[in-house]
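Below are the chains, spelled out letter by letter.
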Amino acid sequence: MAGRAAKPSAVKRINLALQGGGSFGAFTWGALDRLLEDERIEIAAISGTSAGAMNAVALTEGMMSGGREGARACLRRFWTGIADASRSPFIGATALQNFLGTWGLDMAPITHWLDMMTRAVSPYDFNPLNWNPLRDLIDDLVDFDKVQKYEPIKLFVSATNVHTGRVRVFQRHELTPDHVMASACLPYLFQAVVIEGVPYWDGGYMGNPSLWPLFEFSDSDDTVLIQINPLERNTTPRSAREIMDRVNEITFNASLLRELRAVDFVNRLRDDGRLDGTDYRRVLMHIIEDKDRIEFDLASKMRLTDQSLGLLFKGGRNSADEWLAENFDCIGQSSTINLRKLFLGEADGLDGERITHKTHKPPPSKASGADR
């Protein structure tokens, strides 16, 4: 289906929840590109983790610089920069793939060695200078001064507090490259990112992404999750790498499922009338997922070529285009994913259900996101 900008006859505001997943973030890029193209859609807030956080800050900078087209251009510049850097003799594909956690067992012997080393040796030993190939790229490709100043979109980036094990959500006005790197810090590859004396690891462990800031601080009832970590797989992993890959998927989806279960629980209480007279409101859940059957597997996950990123981008655009065609009218009216069926193992329930969550007043603008 061709993706053409629609006339803004009825603008609908949505929240975006952007998962982390290494190079799979290019799928999210494609989905965002299609959503930004549709003038009927307005973004109220974004919560992102790891690659999702990178997409979020790139989009926000672009909106500040040039509106929708500026955001699309900034996202393209970011992912083109990633692809270009992977070909650089000074950075190289192996370094970026290792950063993204996307190496594979069918790659070069040096990668086998690096893979085994990261499982047995601390990054404080094998990477004492804490070299991070994406840190400078993020700093060069994203203008964080613009990100911090763009008030129309509420922005939340999650990282995991190493000391407490809780998720920390940083807000737009405080974001720097360090906050994004903390959100993407895999502990077996890099030293914890220290912010104000506190060490942080990848936000995916406790919030991939965090949904609660969208429910509490946004004025939109609709949250669209762009999903790049499969909840279910129909095959049993057998190789060591396949097993590790599936364990990571399950681990990085656990916090999301907990939040969705809480949303479903509150929804049922509301439907039963047990929350009458309270300040709980509707929260309508939607999911954009792979519709082209790209299969987010190890083979596709480890490639950073223009061709592979282009395939993911196209898949994201097509999936978002199809979702808009099927579900635009439901925005503001009903959910397009049935959470009850999801938890019962019927993940494609599309009959819709209304979902609620308690609302709270936003924190003062100078406040940092609290640990949870």
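These numbers come from a predicted model, not from an experiment. (Residues numbered from 1 in each chain as written. Predicted model: local features only at pLDDT ≥ 70, side-chain atom pairs only at ≥ 80, totals over all residues. Heavy atoms only, no water.)

## Here's the deal with helix α1 (residues 25–37)
- For α1, which comprises 13 residues, the first-to-last C-alpha distance of 18 Å matches the rise-based estimate of 18 Å (1.5 Å per residue) to within 8%.
- The buried fraction of α1 amounts to 13 of the 13 residues, a majority that puts the element mostly inside the structure. (Helix = DSSP H or I, 4+ residues; strand = E, 2+ residues; numbered from the N terminus. Expected span 1.5 Å × (residues − 1). Buried < 20%, exposed > 50% of the residue type's maximum accessible area, 1.4 Å probe, protein only.)

## Some remarks on the pairing of strand β3 (residues 154–161)
- The buried fraction of β3 is high, at 7 of 8 residues.
- Taken together, the 4 bridges between strand β2 (residues 41–48) and β3 define a ladder with parallel strand orientation. When the sheet's bridge partners are listed, Ser 47 is paired in β3 with Phe 156.
- Between β3 and the antiparallel strand that follows it, strand β4 (residues 167–171), lie 5 residues; Gly 165 among them carries a positive phi value of about 75 degrees.
- Across 3 bridges, the pairing between β3 and strand β6 (residues 198–202) is antiparallel. When the bridges of β6 are listed, Thr 160 appears paired with Trp 201. (Pairing = 2+ DSSP bridges.)

## Re the nonpolar core
- Membership of the largest hydrophobic core comes to 68 residues, with the highest contact counts inside it found for Leu 16, Ile 46, Leu 59 and Phe 78.
- Sorting elements by how many residues they give to this core places helix α2 (residues 51–86) first, with 15 residues.
- Excluding its chain neighbours within four sequence positions, the residues that come into contact with Phe 78 are Met 54, Ala 58, Ile 138, Leu 141 and Val 142.
- Counting 21 residues, the second-largest nonpolar core is a separate cluster that includes Ala 45, Val 169, Phe 215 and Leu 256. (Core = buried A, V, L, I, M, F, W, Y, C linked by side-chain atoms within 4.5 Å. Contact = heavy atoms within 4.5 Å.)

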